[in-house]
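The chain contents come next:
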Amino acid sequence: MAYFNSVSKIQYEGKSSDNPLAFKHYNPQEIVLGKTMEEHLHFAVAYWHTFTNYGNDPFGAGTAVRGWDYADAMDQAKARVEANFEFLDKMGISYYCFHDRDIAPEGETIQETNKNLDVIVELLEQGMKSSGRKLLWNTANMFTHPRFVHGAGTTCNADVYAYAGAQLKKSLEIGKRLGADNYVFWGGREGYETLLNTDMAFELDNLARMFHMAIDYAQEIGFHAQFLIEPKPKEPSKHQYDFDAATTIAFLQKYGLQNAFKLNLEANHATLAGHTFEHEIRVAAINGMLGSLDANQGDMLLGWDTDEFPTDLYTTTLTMYEVLKAGGLGTGGINFDAKVRRGSFEDEDLFLAHIAGMDSYAWGLKAAAKLIENHMLDDIIEHRYRSFGEGIGADIVAGKATLRSLEEYAFQNKPLRNESGRMERIKLVLNEIIYSV
Ligand code: XUL
Ligand code: CO
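Please read these numbers as outputs of a predicted model, since none were measured by experiment. (Residues numbered from 1 in each chain as written. Chains lettered and ligands numbered in written order. Predicted model: local features only at pLDDT ≥ 70, side-chain atom pairs only at ≥ 80, totals over all residues. Heavy atoms only, no water.)

Caption draft 1: Highlighting a nonpolar patch on the surface. A cluster of nonpolar residues, Ile381, Tyr385, Phe388, Ile396, Val397, Leu403 and Leu406, forms a patch on the protein surface that exposes about 700 Å² of accessible area. In this structure, Val397 sits in helix H14 (residues 391–397). Among the residues examined, Val397 registers a relative accessible area of 59% and is labelled exposed. (Patch = residues over 30% accessible without salt bridge, like charges linked within 9 Å, V, L, I, M, F, W, Y side chains within 5 Å. Areas by Shrake-Rupley, 256 points an atom, 1.4 Å probe, with all protein chains shown as cover. Salt bridge = Lys/Arg side-chain N within 4 Å of Asp/Glu carboxyl O. Helix = DSSP H or I, 4+ residues; strand = E, 2+ residues; numbered from the N terminus. Buried < 20%, exposed > 50% of the residue type's maximum accessible area, 1.4 Å probe, protein only.)

Caption draft 2: Broad picture of helix H3 (residues 73–91). Taking 1.5 Å of rise per residue, the 19 residues of H3 would be expected to cover 27 Å, and the 26 Å separating its terminal C-alpha atoms lies within 8% of that figure. Most of H3 is tucked away, with 14 of its 19 residues classed as buried. Gly92, located one to two residues past H3, shows a positive phi value of around 70°. (Expected span 1.5 Å × (residues − 1).)

Caption draft 3: Quick peek at the environment of Ser171. Along the chain, the position of Ser171 falls in helix H6 (residues 158–178). Relative accessible area serves as the criterion here: at 1%, Ser171 is assigned to the buried category. For the pair Ser171 and Asp18, spaced 153 residues apart in the sequence, the C-alpha separation amounts to 43 Å. Setting aside its immediate chain neighbours within four residues, Ser171 contacts Asp100, Asn138, Thr139, Ala140 and Tyr183. (Contact = heavy atoms within 4.5 Å.)

Caption draft 4: Fine view of the packing of aromatic side chains. Applying the stated rule across the entire model yields 30 aromatic pairs. Between Phe148 and Tyr163 the ring centres are 6.2 Å apart and the planes differ by 75°, which places this aromatic pair in the edge-to-face class. Residue Phe148 is found in the loop between strand E7 (134–139) and H6, and its partner Tyr163 is found in helix H6; the two are separated by 15 residues along the sequence. In this pair, the class of Phe148 matches that of Tyr163, namely buried. Ring geometry for Phe185 versus Phe227: centroids 5.3 Å apart, planes at 70°, classification edge-to-face. A residue pair is termed long-range when its members are at least 10 positions apart, and Phe185 in strand E8 (residues 182–185) and Phe227 in strand E10 (residues 226–229) qualify at 42 residues. Neither residue differs from the other here; Phe185 and Phe227 are each classed as buried. Three or more aromatic residues joined by ring pairs form one cluster here, namely Tyr3, Phe4, Tyr47, Phe51, Trp68, Phe85, Phe87, Tyr96, Phe98 and Phe351. (Phe/Tyr/Trp six-rings, centres within 6.5 Å; stacked < 30°, edge-to-face > 60°.)

Caption draft 5: Representation of the coordination of the cobalt ion (ligand 2). Every protein donor of the cobalt ion (ligand 2) is accounted for by Glu230 (OE), Glu266 (OE), Asp294 (OD) and Asp337 (OD), and the metal-donor separations fall at 1.9 to 2.1 Å. Geometry at the cobalt ion (ligand 2) is octahedral, judged from the 6 donor atoms that bind it and their angles of 79 to 172° at the metal. The sequence pattern describing where the donors of the cobalt ion (ligand 2) fall on their chain is E-x35-E-x27-D-x42-D. Taken as a pair, Glu266 in strand E12 (residues 261–266) and Asp337 in the loop between strand E14 (334–336) and helix H12 (347–373) lie far apart in primary sequence, 71 residues in all. In this pair, the class of Glu266 matches that of Asp337, namely buried. (Donors = N, O, S within 2.8 Å, 3.2 Å for Na, K, Ca; no water. Tetrahedral: all angles 85-135°; square planar, octahedral: opposite > 155°, others 65-115°.)

Caption draft 6: Quick peek at the pairing of E7. Within E7, 5 of the 6 residues are buried, which leaves the element mostly enclosed by the surrounding structure. Here 5 bridges tie strand E6 (residues 95–99) to E7, and the two strands are oriented parallel to one another. Following the sheet pairing, Tyr96 is matched in E7 by Leu135. Looking at chain direction, E7 and E8 are connected through 2 bridges and run parallel. Within the sheet, the bridge partner assigned to Asn138 lies in E8 and is Tyr183. Read as a crossover between parallel neighbours, the route from E7 over H6 to E8 is right-handed. (Pairing = 2+ DSSP bridges. Right-handed = clockwise from strand over helix to strand, strands pointing away.)

Caption draft 7: Structural detail: the packing of helix H11 (residues 313–325) against helix H16 (residues 423–436). One way to put it is that H11 packs onto H16 with a least axis distance of 11 Å and a crossing angle of 95°. Here H11 is positioned roughly perpendicular relative to H16, judged by the angle of their axes. Contacts between H11 and H16 pair Leu313, Tyr314, Thr317 and Leu318 from the former with Lys427, Leu430, Asn431 and Ile434 from the latter. Tallied by class, the residues present in the contact of H11 with H16 amount to 5 nonpolar, 2 polar and 1 charged. (Axes fitted to C-alpha atoms, helices over the stretch in contact; angles between N-to-C directions. Parallel < 35°, antiparallel > 145°, perpendicular 65-115°, else oblique. Nonpolar A, V, L, I, M, F, W, Y, C, P; charged D, E, K, R; others polar.)

Caption draft 8: Representation of the side chain of Glu266 within the structure. Here Glu266 sits buried without a salt bridge, and the closest side chain of opposite charge, Lys232, lies 6.1 Å off (N-O distance). Reaching out from Glu266, the side chain makes a polar contact with the side chain of His269 at a distance of 3.1 Å. With near-sequence residues (within four places) excluded, Glu266 lies in contact with Glu230, Phe277, Asp294, Asn296, Asp305, Asp307 and Asp337. (Lys, Arg positive; Asp, Glu negative; His and termini not counted. Polar contact = N/O pair within 3.5 Å; in protein donor to acceptor, adjacent residues only side chain to side chain.)

Caption draft 9: Up close: the site of ligand 1. Close contacts around ligand 1 come from Trp48, His99, Trp137, Trp186, Glu230, Lys232, Glu266, His269, Asp294, Asp305 and Asp337, and that covers them all. A distance of 2.7 Å separates an oxygen atom of ligand 1 from a polar atom in the side chain of Glu266. Within the side chain of Asp305, an N or O atom sits 3.0 Å from an oxygen atom of ligand 1. For ligand 1, the protein covers 93% of the area, taking 290 Å² as the surface of the free molecule. (Near = heavy atom within 4 Å.)

Caption draft 10: Empty space enclosed by the protein, seen in detail. Applying the stated rule across the entire model yields 2 cavities of 30 Å³ or more. What the largest cavity holds in volume is close to 160 Å³. Forming the walls of the largest cavity are 17 residues, and the residues nearest its centre are Met142, Phe185, Trp186, Gly187 and Glu190. Of all the elements in the fold, those that place two or more residues in the lining of the largest cavity are E8 and helix H7 (200–221). Grouping the amino acids of the lining of the largest cavity by side-chain chemistry returns 12 nonpolar, 3 polar and 2 charged. (1 Å grid on protein atoms, 1.4 Å probe; cavity = no way out; pocket = protein on both sides within 12 Å on 5 of 7 lines; lining within 4 Å. Points joined across faces, edges and corners; volume = space filled by probe spheres on them.)

Caption draft 11: Structural detail: the pattern of salt bridges. Across all of its chains, the model carries 17 salt bridges by this definition. In this structure, Asp305 and Lys232 form a salt bridge, with 2.9 Å as the shortest nitrogen-oxygen distance. Here the residue Asp305 occupies a position in the loop between strand E13 (290–294) and H11, and Lys232 occupies one in the loop between E10 and strand E11 (239–240), the gap between them amounting to 73 residues. Take Asp305: its relative accessible area is 9%, and that puts it in the buried class. Of the residues examined, Lys232 reaches a relative accessible area of 5% and is grouped as buried.

Scope: geometric values only; no functional claims are made or implied.
See below:
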């Protein structure tokens, strides 16, 4: 059954096109710095925002009416599978991502829930075989159900911890069966509201124990996906343990998990943590932990996760610059963890929103490639740190300097001279490059 009859396959028509249902910048086979755009960007559709979200917010009901809204939960789940593959095909997107609870409804018991999952996973497997579409990552939703009120891997209740373990086990098996390239852990309820009732050290030890069990089980069943942790500083918890890239990396290192994990970084999570997306990507990259990206954008006037489709060219350019400089995303990709606004409730908006996100990232990729080719930023940085290439600077870098040798040098009373960082000039050139694409 088809759900999007009014939309046909989205094509690249170039900058001069005025067709809203066409790409102006995303040309999948166009070569940028030796690779196709498709290879650089590895776009993915988020099942939860595209097929299970209706635009409801804390004050209002959903506004979208979808063709797959059958009364029976399993009929609805089956219809969503069809809608997923039709959407991926019409968008020309190769990957998708889901939580276990996005694809199939819960039953009365875990066993029943797992049976529901098996039915849907079978359909997904068939759909992937016949369409050639792939799973960028899957994950377990261990935050929506009331049982996770105090957390999953960080809960105070051992029975809930065991439930979470069972859910995680099944999720890893699903990832293995569908050949997921990555597996994501986002700790939706792994955090706390108040220290007055919380044993933080114990909760973190338990979380690490669960990650070690996941590594062991994946090994046992031969599931070789890249494990990814997705940092977020707040919402739903007041304090989320995986606050940002730096905090998450320190956690992984403390518990000997750093070789088994990389990071899945999200733009809106970065801004909630008081960082830019580029900052988070750089922190991951310099620690060898850049895994995958959840592409979206927040509203700078609001303090919550608005998950808007990314359209800010400044950010997409600087994001792609960081990704290119880091040597690409490896097994990762760019998942649109983004939802259409409540007012954009028509089916066509799902297409228009993904086109906006894909064109903005393609634009960013082209601008980032220009930035790299013209060497402007590399030259500025090389020049800026040049004092470490000779004399006392070279001694410092070579590890030959001591506080005594620094003092001896400083006592020469050479007049110190700093140079301008030229930030405003650089930003103007950046604007020129972005607009020249
Ligand atoms: C929540 C969020 C999640 C993760 C997957 O803010 O980003 O959807 O990406 O659980
Ligand atoms: Co996300």
